[in-house]
Amino acid sequence: MGHILVKDVRKEYVERRGARRRMNSDPDLRSGNHLPVLDGIDLEFANGELVCILGPSGCGKTTLARVIAGFDRPTSGTVLIDGEKVKGPSSEHIFVFQHSGLFPWMTVWENVRLGARHMKEKEEMAAKVQEHLDVVNLTGYEHLYPHQLSGGMQRRAELARALVADPEVLFMDEPFAGLDFLTRLKMREEIINMHELIQKTIVFITHDIDEALVMGDRVVVFTERPAKVRLDLKLEFPHPRDFHSYDELERLRRDVYTELGVHYAL
Amino acid sequence: MACRNAELVSLKICQAPMNYTRLRPYLLPVLSFAAVVAVWGIARRLSGWSPTVFPGPLDAAVGMWELIRDGSLLKHSVASLFRVTAGYYLAVAIGTPLGIVLGWWKTGQLLTNGLIQFLRPISPLAWIPLAMLWFGIGDKPAIFLIFLSSFFPLLVSTIYSVNHIRTVYFQVAANFNFTPFETITRVIFPAILPDILPALRISLGIAWLVVVAAEMIAVKSGLGYLILDSRNALRMDYVMDAMIAIGVIGICLDRVIVQLNRIKSVAWGRT
Ligand SMILES: Nc1ncnc2c1ncn2[C@@H]1O[C@H](COP(=O)(O)OP(=O)(O)OP(=O)(O)O)[C@@H](O)[C@H]1O
Ligand SMILES: [Mg+2]
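Everything quoted here is computed from the prediction, not taken from an experiment.

Reading guide: rules and limits
Residues numbered from 1 in each chain as written. Chains lettered and ligands numbered in written order. Predicted model: local features only at pLDDT ≥ 70, side-chain atom pairs only at ≥ 80, totals over all residues. Heavy atoms only, no water. Helix = DSSP H or I, 4+ residues; strand = E, 2+ residues; numbered from the N terminus. Rg over C-alpha atoms; globule rule 2.2 N^0.38 Å. Contact = heavy atoms within 4.5 Å. Areas by Shrake-Rupley, 256 points an atom, 1.4 Å probe, with all protein chains shown as cover. Lys, Arg positive; Asp, Glu negative; His and termini not counted. Charge placed at Lys NZ, Arg CZ, Asp CG, Glu CD. Salt bridge = Lys/Arg side-chain N within 4 Å of Asp/Glu carboxyl O. Buried < 20%, exposed > 50% of the residue type's maximum accessible area, 1.4 Å probe, protein only. Donors = N, O, S within 2.8 Å, 3.2 Å for Na, K, Ca; no water. Buried area = accessible area lost by both parts, 1.4 Å probe. Polar contact = N/O pair within 3.5 Å; in protein donor to acceptor, adjacent residues only side chain to side chain. pLDDT = per-residue confidence, 0-100. Pairing = 2+ DSSP bridges.

## A short note on the overall build of chain A
1) Next: Scanning chain A for helices and strands turns up nine helices and 10 strands.
2) Next: Relative to a compact globule of 266 residues, whose C-alpha radius of gyration would be 18 Å, chain A shows 19 Å and is just as compact.
3) Next: A principal-axis box enclosing the C-alpha atoms of chain A has dimensions of 55 × 50 × 40 Å.
4) Next: A sequence separation of at least 24 residues applies to 69% of the contacts in chain A between residues at least 6 apart.
5) Next: When the accessible surface of chain A is totalled, it reaches about 12,900 Å², and 50% of it is carbon and sulfur.
6) Next: In chain A, which carries 35 positive and 42 negative side-chain charges, the distance between the mean positions of the two groups comes to 8 Å.

## Notes on the pattern of salt bridges
Where charged atoms from two side chains of opposite charge approach closely, those side chains can pair.
Residue and element names in this part refer to chain A.
1) Next: Under the defined criterion, the tally for this structure stands at 24 salt bridges over all chains.
2) Next: Asp 72 is the partner of Arg 66 in a salt bridge, and the nearest nitrogen-oxygen pair spans 2.9 Å.
3) Next: Given a relative accessible area of 17%, Arg 66 falls into the buried group.
4) Next: Among the ionic pairs, Arg 188 bridges to Asp 208, the shortest N-O distance being 3.6 Å. Of this pair, Arg 188 sits in helix H7 (residues 181-198) while Asp 208 sits in the loop between strand E8 (201-205) and helix H8 (209-215), placing them 20 residues apart in sequence.
5) Next: For Asp 208, a relative accessible area of 22% corresponds to the partly exposed category.
6) Next: Residues joined by salt bridges that share partners form a network here, namely Asp 8, Arg 10, Asp 39 and Lys 228.

## Remarks on the coordination of the magnesium ion (ligand 2)
1) Next: Distances from the magnesium ion (ligand 2) to its protein donors, namely Thr 62 of chain A (OG1) and Gln 98 of chain A (OE1), fall within the range 1.9 to 2.5 Å. With Thr 62 of chain A in helix H3 (residues 61-69) and Gln 98 of chain A in the loop between strand E6 (93-96) and helix H4 (108-114), this pair connects stretches of sequence that are 36 residues apart.

## Considerations on the interface of chain A and chain B
1) Next: Of the residues lining the interface, 25 residues belong to chain A; the matching set on chain B comes to 21 residues.
2) Next: Regarding the contact of chain A and chain B, the summed buried area is about 2,000 Å², with carbon and sulfur atoms giving 62% of it.
3) Next: Area buried by chain A at its contact with chain B is led by Phe 103, Trp 105 and Arg 117 of chain A, which between them contribute 33% of it.
4) Next: Between Glu 182 of chain B and Arg 117 of chain A there is a salt bridge, and its shortest N-O distance comes to 2.9 Å.
5) Next: Counting across the chain A and chain B interface gives 12 residue pairs in polar contact (both at pLDDT 80 or more).
6) Next: Of all the secondary-structure elements, those providing two or more residues to the side of chain A that touches chain B are E6 and H4 of chain A.

## Concerning the confidence of the model for chain A
Residues and elements named next belong to chain A.
1) Next: Averaged over all residues, the pLDDT of chain A is 86; the fraction at 70 or higher stands at 92%.
2) Next: Within chain A, the element-level pLDDT minimum falls on helix H1 (residues 18-23), averaging 47, and the maximum on E8, averaging 95.
3) Next: Of the regions scoring below 50 in pLDDT, residues 18-23 engages in seven contacts with residues more than four places distant in sequence or in other chains.

## Thoughts on the sheet that holds strand E4 (residues 76-81) of chain A
All names here are of chain A.
1) Next: In space, the four strands of this open sheet follow the order E2-E1-E4-E5, with antiparallel pairing throughout. Each having just a single partner strand, strand E2 (34-45) and strand E5 (84-85) make up the two edges of the open sheet.
2) Next: Pairing of strand E1 (residues 4-14) with E2, which is carried by nine bridges, proceeds in the antiparallel orientation. When the sheet's bridge partners are listed, Arg 10 is paired in E2 with Asp 39.

Here is the structure:
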């Protein structure tokens, strides 16, 4: 399970405070009280798909993911997960946040254990937590607090916490932001492997076009705010992918770069 | 003295600087206290006033010994500590939960904010007449005043810290199906702890300040009463001894709160 249907979703933020509006030089904010962010989004993700979402900064990627995950209500339109209307946040759709969502007052172990809260058996729970810490290579760091970990380790701990919950859908909002190049490549690989293993739907937001093309079963590209769907591509290349082996992929890459206004994909 | 010679390294002289760095945190405060006592002694001599008006360190020490020996210092200190503890705990027990509720519940916050800001600048001492009228004579009015003095700083800083918790933490709580009770105990409370520790520290200091004033009005015990009583008996050495006791106990109380900072799950707030 984990089929997602987004039907004509619109989202507007309403600015109530005049002072804040004046300070903002954005013409959309100055001209009126309403800031349209999502402008009629129609999307359908199959069960178990790894969907990569691309788009210019500030276009509304996070907003859409928050709407699908139930943290925010759309202004109009509906979101169905497995045929049911999303009513609010739940442990069936776990969100890995753009800026760390680990609780800094809990150790790595206590944080990851939150994902296994529903389990009754203490030992079973401990085994499951340990198993997922092993998966993300954090064995031996269980009793440290998040601020004692590196940025990459924090991301991995948050990932482990999400995976333990065994959600139907996993949202990842730029989970690699702030990681160095090599760690990023490794995490990319880990997520692809993990996805092949668990076959859950993953909604993965990124800025990196190559990353999206290398990872995704589907790549969705948004326009500038207010966001519309500009491209919705299904990629059926096996992993591991690289641009030299698949001419078709290389061509897509050029297309996406052009669509986003960059004419020379370096 | 520099140690250029290798043989000298093993000598005590060369270890002295190391010992010194280790003792420094204790040595320097002692030094400043000693300096103040010295200045006090010299000032007393130069003033030419009689010891009844301006007791010197020696007079104070003798007086202190008398107060310790007849047990009155202990009795008065315990009485003051009891009132501070009762009033302060009451303020913590009511102010922190109320602050959490008001920080979370925006309507309640709008409703009470004006009222809180209105009551806050009224000095606890201004309540003395009413406190005596309502609670009579004894511990109760003093505890009430101490409660007032630490309640508002605690309440205001708790509300402020709850307002400034990252929204992501609430979303994570919702994501993992936290109940409202769990959200309070496992998210809000630990999230504000690093912020309210300084407030706990400051308000305990204020409570200790206020106890002396409170004890000058309606009770027959406590360090504040000791000061008042000694003044009436023209024993300025006892007045100074009570002041010294207040300072010493103040340091100890502060140390106790600072220890709370060592809790591991609070350390993240310091980075
Ligand atoms: N709570 C809010 N209130 C008002 N405006 C908001 C709010 N959240 C987001 N916005 C606005 O909505 C727009 C889209 O924000 P969003 O976070 O979805 O962008 P994004 O595509 O995720 O950007 P980035 O790639 O930089 O993370 C932005 O212009 C932002 O200013
Ligand atoms: Mg974003």
